[in-house]
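Observations on the model geometry
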Amino acid sequence: MLRIAVQSKGRLYDETMELLAQAGIKFPAVKRTLLVPSRNFPVEVLYLRDDDIPDSVATGTADVGIVGMNEVLEKCQQVQVLHQLGFSRCRLSLAIPRDVAYNGVQWFEGKKIATSYPRILKGFLDKNGIKADIHVINGSVEIAPSIGLADGIFDIVSSGGTLVSNNLAEVEKVIDSQAVLIGGLGKLATEKQEVLDELIFRFKAVKAADGKKYLLMNVPRARLDEVVAILPGIKSPTILPLADENWCSVHSVIEEANFWDIVTRLKEAGAEGILVLDIMKMVP
Ligand code: PRT
Ligand code: ZN
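What you see is a predicted model; the values in this text were computed from it and never measured. (Residues numbered from 1 in each chain as written. Chains lettered and ligands numbered in written order. Predicted model: local features only at pLDDT ≥ 70, side-chain atom pairs only at ≥ 80, totals over all residues. Heavy atoms only, no water.)

Focus on the overall build of the protein
Put simply, the rule is: The way it works is that DSSP assigns letters per residue, a run of H or I at least four long becomes a helix, a run of E at least two long becomes a strand, and they are numbered from the N terminus. Both definitions apply: the radius of gyration is a C-alpha atom measure, and the globule rule equals 2.2 Å times residues to the power 0.38. Relative accessibility decides the category of a residue: with a 1.4 Å probe and only protein chains considered, values under 20% of the type maximum give buried, values over 50% give exposed, and everything between is partly exposed. Contact criterion: two residues are considered in contact whenever any of their non-hydrogen atoms come within 4.5 Å of each other.
Of regular secondary structure, the protein possesses eight helices and 15 strands. Taken against the 2.2 N^0.38 rule, which gives 19 Å for 284 residues, the C-alpha radius of gyration of the protein at 25 Å runs more than 25% over that of a compact globule. A burial count over the protein gives 45% of its 284 residues as buried. Pairs at least 24 apart in sequence give 69% of the contacts found in the protein among residues at least 6 apart.

See below:
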């Protein structure tokens with residue numbers, strides 16, 4: 001049984017459980033205890049605060065964990081990143097009051113900076129030869145400058161809305177972060193390693209399908225080359241005959257981001273009856 005540490009509640013929780021569900025790993029509907037075995041796969045989840053996940057993996061309380069890269073770097077435990085999961089993307093940035101002139105990173109020399117990420121901040125300041133006073137606060141870091149507690153802040157930014165509503169401007173991006181699967185540095189028992197390999201294989205299949213759509217359409221044979229040229233397909237598109245010899249059916253996978261552009265061009269090239277399907281998984 002492979003034990004995975006996951007956030008018990010918070011921003012990572014929903015997408016973590018959704019990823020496990022998409023990987024076909026089922027859990028009882030109600031979460032009654034901190035340690036819950038899957039109903040159909042040899043894993044159990046250990047629900048923790050995200051701050052405790054790197055340590056739980058480093059000490060072997062859990063075999064692997066799902067947590068933000070920001071926590072991995074801040075806690076600096078003996079763990080390794082096994083797979084980048086692509087959700088909960090954010091960045092850790094320095095921000096200062098919007099009405100203050102900024103002249104580059106030396107602005108922070110001698111200043112007071114509020115943060116919940118002192119280790120990452122210290123690493124950045126040291127690298128830039130800046131001496132500043134790091135003031136650690138947990139939660140509501142963004143209000144520190146307005147109440148006179150600090151000159152600037154170092155915090156997580158996602159949309160940037162929180163900074164704007166607190167009259168702050170982002171001046172230095174220090175790291176990018178996303179949810180990652182972490183493991184310890186030691187070797188896992190063979191059975192656990194096999195389960196982990198299968199888990200990562202399934203995560204990759206889920207991620208490969210993300211943002212992709214499956215397209216099916218009917219195309220006049222005479223214009224097949226034109227249509228094929230529009231389809232960027234992973235490999236060449238599948239082309240199947242239809243009862244009417246002058247037509248064929250073309251199947252392909254496209255990026256959702258290019259969807260409307262491609263569909264418009266396909267219609268212009270004579271494609272008809274275009275069907276668009278969601279892709280659940282893509283197994284290489
Ligand atoms: O209770 P527990 O300790 O488990 O949770 P927590 O309160 O410490 O963390 P939680 O659930 O808030 O966040 C978990 C993880 O989600 C973080 O460690 C990041 O890896 C990731 N994440 C992604 C974010 C955000 N986006 C985010 N926007 N974490 C926090 N924020 C906050 C940020 O602190 C700031 O207050 O949202 C605000 C900024 O958002 P924008 O969109 O206004 O820029
Ligand atoms: Zn936390």
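What follows continues from the structure just given.
Considering the sheet that holds strand 12 (residues 212–220)
What counts here: Two strands make a pair as long as DSSP finds a minimum of two bridges between them. What counts as an axis is a line fitted to C-alpha atoms, over the stretch in contact for a helix, and the angles between N-to-C directions run from 0 to 180 degrees.
If you trace the four strands from one edge of the open sheet to the other, you get 13-14-12-15, paired in antiparallel fashion. Among the strands making up the open sheet, the edge pair consists of strand 13 (238–241) and strand 15 (272–278). Across the sheet, the mean angle separating the axes of adjacent strands is 20 degrees when strand polarity is ignored. Pairing analysis gives four bridges linking strand 13 to strand 14 (residues 247–255), with the strands arranged antiparallel. Residue pairing in the sheet places isoleucine 239 in a bridge with valine 250 of strand 14.

Digging into the packing of aromatic side chains
Keep this limit in mind: Aromatic pairs are defined between Phe, Tyr and Trp rings, using the six-membered ring for Trp, whenever the two ring centres lie within 6.5 Å; interplanar angles under 30 degrees are classed as stacked, those over 60 as edge-to-face, and all others as tilted. In this scheme, Lys NZ or Arg CZ marks a charge over a ring once it lies within 6 Å of the ring centre and within 35 degrees of the ring normal.
Enumeration according to the criterion identifies five aromatic pairs in this entry. When the centroid spacing of 6.2 Å and the interplanar angle of 50 degrees are considered together, the rings of tyrosine 13 and tyrosine 47 count as tilted. Separated by 34 residues along the polypeptide, tyrosine 13 in helix 1 (residues 13–22) and tyrosine 47 in strand 3 (residues 43–48) bring together distant segments of the chain. For tyrosine 13, a relative accessible area of 22% puts it in the partly exposed group. Of the residues examined, tyrosine 47 reaches a relative accessible area of 4% and is grouped as buried. Considering the side-chain rings of tryptophan 107 and phenylalanine 108, the 5.0 Å spacing of their centres and the 80 degrees angle between planes classify their relative orientation as edge-to-face. Of the two residues, tryptophan 107 and phenylalanine 108, both sit in the buried class. Among the aromatic residues, ring-to-ring pairing joins Tyr102, Trp107 and Phe108 into one connected group. One residue, lysine 111, lies across the ring of tryptophan 107, its end atom 4.2 Å from the ring centre.

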